[in-house]
Amino acid sequence: MKISNTLLKKEEQATLALRELYGRYGYTQYKMSKFEEYDLYVRNKNFLISDSVITFTDTNGKLMALKPDVTLSIVKNTKDIPGYVQKVYYNENVYRVTEKTHAFREIMQTGLECLGDIDSYCIAEVLTLAARSLAEISDDYILDVSHLGLLSQLIDHIGIAPDARGTLLECVAQKNRHDASRICAEAGINRERAALLQHLMECQGEVRQVIPMLYTLLPNEEWQRTVAQFDSVLSLLPAEHVRIDFSVIHDLRYYSGIVFQGFVKGVPENILSGGQYDNLMHRMDKKSGAVGFAVYLDRLDSLAVAPRDFDIDTVLLYDANADTKALHAAVKALTEDGKSVTAQKTVPEKLKYRQLLQFTESGVKLLETNA
Amino acid sequence: MLNVALPKGRLGDRVYAMFEKAGFECPSIKENNRKLIFENEVCGVRYFWVKPSDVAIYVERGAADIGVAGKDILLEYAPDVYELLDMKTGICRMAVAAPKGFRDDPRRTLKVATKFTNIAQNYYASQGRDIDMIHLNGSIEIAPILGLSDVIVDIVETGTTLKENNLEVIETVVPISARLIANKASWKFKTEQITALTEHLAMQLKAEE
């Protein structure tokens with residue numbers, strides 16, 4: 001089958017390119033049912049982007065849900081086997097309330113998960129695939145990477161009370177240094193320790209510039225070791241597109257370690273989000289670790305598309321007495337010429353066409369041409 | 001080109017003056033006309049005036065790269081944006097006000113009238129107080145006078161309006177000031193321009209201290 005790229009929407013082109021990319025790295029497609037037991041989502045409500053779920057009662061009386069998320073289903077079905085890593089990708093419709101519309105929408109989501117005996121190679125591979133996924137969509141992309149382990153260590157070190165921790169993390173996520181500083185002062189954190197958090201929030205930008213700054217923040221062995229691990233993974237990624245940014249924060253109840261978000265120029269929000277979610281695995285009674293990401297292809301809608309000059313190349317007018325066989329041949333001849341044709345008895349309203357033709361017994365006559 | 005959403009009104013004028021000082025001038029903005037969009041190609045900046053409560057929406061959706069919005073709007077609508085700087089202007093506070101001499105009876109559900117339902121909800125939830133929320137769009141001060149509510153949650157600047165309506169502040173919910181906000185994706189692709197501007201504004205604020 002030959003499909004012209006010009007006929008595919010940006011979203012569809014990306015889906016095909018990503019499937020091919022993930023396949024090349026040995027990831028197999030994970031297919032699943034549209035429905036899942038509602039119970040799975042209730043237990044992990046905060047993991048979901050939106051906690052509204054479409055539910056219905058199945059014929060056996062079980063409360064079911066239209067999948068709002070794919071990762072939870074994959075985690076549920078994965079098995080702990082020492083030394084084994086399950087590598088899957090998916091391309092599924094999910095149903096969730098979007099923040100902007102406040103209404104349920106069917107969203108095509110593509111993603112990739114690597115579950116099992118995860119090591120630093122697996123993490124580097126997933127990050128590489130995240131970067132390459134963005135590169136498939138646009139040359140102008142940025143992959144923001146953060147490390148929740150480092151962030152937690154530093155917040156533990158400054159000794160903020162657990163009830164102020166959430167608000168402080170929100171400030172980090174918003175790059176809000178003024179309120180972070182106020183919260184630390186109100187909590188009685190001494191200046192030196194509060195300054196450490198300010199320094200971490202300043203640690204943003206290209207990997208080679210930021211890593212040396214990170215090493216200087218805390219002298220303890222655990223910090224130094226984590227920075228070194230972070231560095232060794234990031235050094236394998238395309239430096240010109242990767243930035244360290246601690247404002248990337250995912251829910252600490254589910255995520256740990258490296259987390260990331262991807263942006264492409266022209267889309268006002270992130271189109272890729274992922275990270276290590278060992279904590280989710282442990283909450284779902286799995287011993288192994290996991291890392292993965294989702295690509296929100298529906299958000300590519302905001303990418304500017306050049307407006308089409310014409311809806312169709314040719315409108316071929318015919319009257320009720322026209323010979324069907326001759327008309328059929330005329331349309332076929334035009335399409336074989338590579339033109340798009342619509343055969344109509346009258347010119348459709350608001351249709352922009354290149355040329356208007358009239359079908360007659362003696363052949364096709366040109367009525368109008370638009371430049 | 002850096003797109004900047006400014007809040008219409010006095011606050012916007014003050015903020016523009018700061019942006020101008022930071023090297024992002026756009027003289028045409030001072031012309032007396034009804035235009036809403038002003039551009040200076042030399043400085044690479046485009047300003048537009050929008051309703052103060054809409055600034056965050058323009059920035060969140062990427063129609064503006066940066067903007068200036070009150071902390072009240074950011075708390076109420078929680079837009080997904082970066083909050084880069086406290087502009088230390090437009091200073092006021094979100095407060096609970098009640099008729100003079102009002103005493104809260106914890107046995108009763110408290111009737112609260114406000115335009116800022118999320119802020120009020122969060123505030124009373126943090127205190128575990130049961131409330132009956134009444135959403136109003138304006139003239140909040142008359143709600144307790146007419147018996148529509150027990151208290152109001154609203155922005156208080158000087159307190160004159162409250163005084164004139166025989167109300168007084170009984171609690172401060174949160175201090176408010178204007179904040180410089182940025183669209184997350186714009187920040188990634190226009191980092192240098194936005195950071196330079198933020199730093200310049202921060203220096204101006206420091207010099208004024």
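Residues numbered from 1 in each chain as written. Chains lettered and ligands numbered in written order. Predicted model: local features only at pLDDT ≥ 70, side-chain atom pairs only at ≥ 80, totals over all residues. Heavy atoms only, no water.

### Thoughts on the overall build of chain A
Just so we agree on the cut-off: Numbering of helices and strands runs from the N terminus, with a helix taken as a DSSP run of H or I at least four residues long and a strand as a DSSP run of E at least two residues long. Here the globule rule reads 2.2 Å times residues to the power 0.38, and the radius of gyration is calculated from C-alpha atoms. Throughout this description, buried means an accessible area under 20% of the type-specific maximum (1.4 Å probe, protein chains only), exposed means over 50%, and partly exposed covers the range between. For the area figures, the Shrake-Rupley method with a 1.4 Å probe applies, and any residue is considered shielded solely by the protein chains shown. Only four residue types enter the tally: Lys and Arg on the positive side, Asp and Glu on the negative side; His and the chain ends are excluded. The atom standing in for a charge is NZ when the residue is Lys, CZ when it is Arg, CG when it is Asp and CD when it is Glu.
The helix and strand tally for chain A stands at 12 helices and 16 strands. Against the 2.2 N^0.38 benchmark of 21 Å for 371 residues, chain A shows a C-alpha radius of gyration of 27 Å, more extended than a compact globule. Dimensions of chain A, computed from the C-alpha atoms along their principal axes, are close to 90 × 55 × 40 Å. Within chain A, the proportion of its 371 residues that are buried is 49%. With an accessible surface of roughly 18900 Å², chain A has 49% of that area assigned to carbon and sulfur atoms. Treating the 42 positive side-chain charges of chain A as one cloud and the 50 negative ones as another, the clouds have centres 3 Å apart.

### A word on the sheet that holds strand S4 (residues 63-66) of chain A
Residues and elements named next belong to chain A. This is how it is decided: Being paired, for any two strands, means DSSP has found at least two bridges between them. Here the axes come from fitting lines to C-alpha atoms, over the contacting stretch only for helices, and the angles between their N-to-C directions go from 0 to 180 degrees.
Pairing is antiparallel in the open sheet, where 3 strands are placed in the order S2-S4-S3. The open sheet is flanked by strand S2 (35-37) and strand S3 (55-57), the only strands paired with a single partner. If you compare each strand with its neighbour and ignore which way they point, the axes differ by 40° on average. Summarising the sheet, S2 and S4 pair through 3 bridges and their orientation is antiparallel. Bridge pairing links Glu36 to Ala65 in S4.

### Regarding a nonpolar patch on the surface
Which entries qualify depends on this criterion: Only residues whose relative accessible area exceeds 30% and that form no salt bridge enter a patch; like-charged residues are grouped when within 9 Å of one another, and nonpolar side chains (Val, Leu, Ile, Met, Phe, Trp, Tyr) when within 5 Å. Any carboxyl oxygen of Asp or Glu within 4 Å of a side-chain nitrogen of Lys or Arg constitutes a salt bridge here.
A cluster of nonpolar side chains, namely Ile142(B), Ile145(B) and Leu146(B), defines an oily patch on the protein surface of about 300 Å² accessible area. Tracing the sequence through the fold places Ile145(B) in helix H5 (residues 142-145).

### A word on the sheet that holds strand S9 (residues 151-156) of chain B
All names here are of chain B. Cut-off, in case you're wondering: Contacts are assigned to residue pairs that have any heavy atoms within 4.5 Å of one another.
What the 5 strands build is an open sheet, ordered S8-S7-S9-S6-S10; its pairing is mixed. Two strands lie at the open edges of the sheet, namely strand S8 (131-135) and strand S10 (167-176), each paired on one side alone. For this sheet the average axis-to-axis angle between neighbouring strands, irrespective of direction, equals 25°. Taken together, the 5 bridges between strand S6 (residues 92-99) and S9 define a ladder with antiparallel strand orientation. Pairing of Ala95 across the sheet is with Asp154, part of S9. Against the sheet, helix H4 (residues 117-127) makes contact with S6, strand S7 (110-114), S8, S9 and S10, and its axis sits at roughly 170° relative to S8, the strand it touches most.

### Digging into the nonpolar core
What counts is decided by this rule: To form a nonpolar core, buried Ala, Val, Leu, Ile, Met, Phe, Trp, Tyr and Cys residues must be joined to one another through side-chain atoms within 4.5 Å.
Core analysis: the biggest nonpolar cluster contains 98 residues, and Tyr22(A), Leu143(A), Leu197(A), Leu214(A), Phe230(A), Phe260(A) and Phe293(A) have the highest contact counts within it. Of all the elements, helix H4 (residues 120-137) of chain A adds the most residues to this core, at 10 residues. Excluding residues that lie within four positions of it along the chain, Leu143(A) makes contacts with Leu127(A), Ala130(A), Ala131(A), Leu134(A), His241(A), Val242(A), Arg243(A), Phe260(A), Gln261(A), Gly262(A) and Leu272(A). Ranked by size, the runner-up nonpolar core spans 29 residues in total, among them Met18(B), Val45(B), Tyr47(B) and Tyr82(B).

### Details of the interface of chain A and chain B
Rules: Accessible area that two parts lose when put together, with a 1.4 Å probe and added across both, is what the buried area reports.
Residue-level contacts link 20 residues of chain A with 17 residues of chain B. Carbon and sulfur atoms supply 57% of the area buried between chain A and chain B, which totals about 1600 Å² over both sides. Where chain A packs against chain B, one counts 4 salt bridges. One salt bridge in this structure joins Lys71(B) and Asp179(A), with 3.3 Å as the shortest N-O distance. Listing elements by their share of the side of chain A that touches chain B, those giving two or more residues are strand S7 (141-147), helix H7 (177-186) and strand S10 (258-264) of chain A. The element contributing the most residues to the side of chain A that touches chain B is S7(A), with 3 residues.

### Here we look at the packing of helix H9 (residues 207-217) of chain A against helix H10 (residues 221-234) of chain A
Residue and element names in this part refer to chain A. Here is the rule: Any angle between 65 and 115 degrees counts as roughly perpendicular, while under 35 counts as roughly parallel, over 145 as roughly antiparallel, and the rest as oblique. Nonpolar residues are Ala, Val, Leu, Ile, Met, Phe, Trp, Tyr, Cys and Pro. Charged residues are Asp, Glu, Lys and Arg, and all others, Gly as well, are polar.
Interhelical geometry of H9 versus H10 gives an angle of 170° and a closest axis separation of 9 Å. Viewed along their axes, H9 and H10 adopt a mutual orientation that is roughly antiparallel. Contacts between H9 and H10 involve Val207, Arg208, Ile211, Leu214, Tyr215 and Leu217 from the first element and Trp223, Gln224, Val227, Ala228, Phe230, Asp231 and Leu234 from the second. Tallied by class, the residues present in the contact of H9 with H10 amount to 10 nonpolar, 1 polar and 2 charged.

### Details of the environment of Leu63(A)
All names here are of chain A. Note that Leu63 resides in strand S4. Exposure remark for Leu63: the relative accessible area of 39% places this residue in the partly exposed category. For the pair Leu63 and Glu37, spaced 26 residues apart in the sequence, the C-alpha separation amounts to 6.3 Å. Discounting residues that sit within four places of it in the chain, Leu63 has contacts with Glu37, Tyr38, Thr55, Phe56 and Thr57.

### Here's the deal with the domain arrangement of chain A
Residue and element names in this part refer to chain A. Cut-off, in case you're wondering: An automatic or database domain assignment supplies the residue ranges for each domain. Throughout this description, a polar contact denotes any pair of N or O atoms lying within 3.5 Å of each other; where both atoms belong to protein, one of them has to be capable of donating a hydrogen while the other can accept it, and for residues adjacent in sequence the pair is counted only when both atoms sit in side chains.
For chain A, the domain assignment lists domain 1 (1-139 + 265-303), domain 2 (141-244) and domain 3 (312-369). Between the C-alpha centres of domain 1 and domain 2 there is a distance of 27 Å. Counting residues at the interface gives 12 residues for domain 1 and 9 residues for domain 2. Buried surface at the junction of domain 1 and domain 2, both sides included, amounts to about 830 Å², of which 80% is carbon and sulfur. Three residues, Leu127, Ala131 and Leu134, lead the burial of domain 1 against domain 2; their summed loss comes to 47% of the area buried on that side. At the boundary of domain 1 and domain 2, one finds 0 salt bridges. Taken together, domain 1 and domain 2 are joined by 1 residue pair in polar contact (both at pLDDT 80 or more). When residues in the side of domain 1 that touches domain 2 are grouped by element, the largest group, 9 residues, is from H4.

### Some remarks on the confidence of the model for chain B
As a note on interpretation, predicted positions should not be read in detail where pLDDT is low. So the rule is basically this: The predictor's confidence in any single residue is recorded as pLDDT, a number from 0 to 100.
In the predicted model, chain B carries a mean pLDDT of 93, and the fraction of residues at 70 or more is 100%. For this predicted complex, the interface confidence reaches an ipTM of 0.85, while the overall pTM sits at 0.86.

### A look at unusual backbone geometry
Despite not being glycine, Lys175(A) shows a phi value in the positive range, around 55°. Looking at the element boundaries, Lys175(A) is found in the loop between helix H6 (162-173) and H7. In this model, Ser139(B) sits at a positive phi of 45°, which is unusual for a non-glycine residue. Here Ser139(B) shows up in the loop between S8 and H5.

### Some points on the pairing of strand S15 (residues 353-360) of chain A
All names here are of chain A. As defined by bridge partners, strand S13 (residues 312-317) adjoins S15 across 5 bridges and the pair is classed as parallel. Its bridge partner lying in S15, Thr314 is registered against Gln355. Summarising the sheet, S15 and strand S16 (residues 363-369) pair through 6 bridges and their orientation is antiparallel. Bridging from a neighbouring strand, Gln358 pairs with Lys365 of S16.

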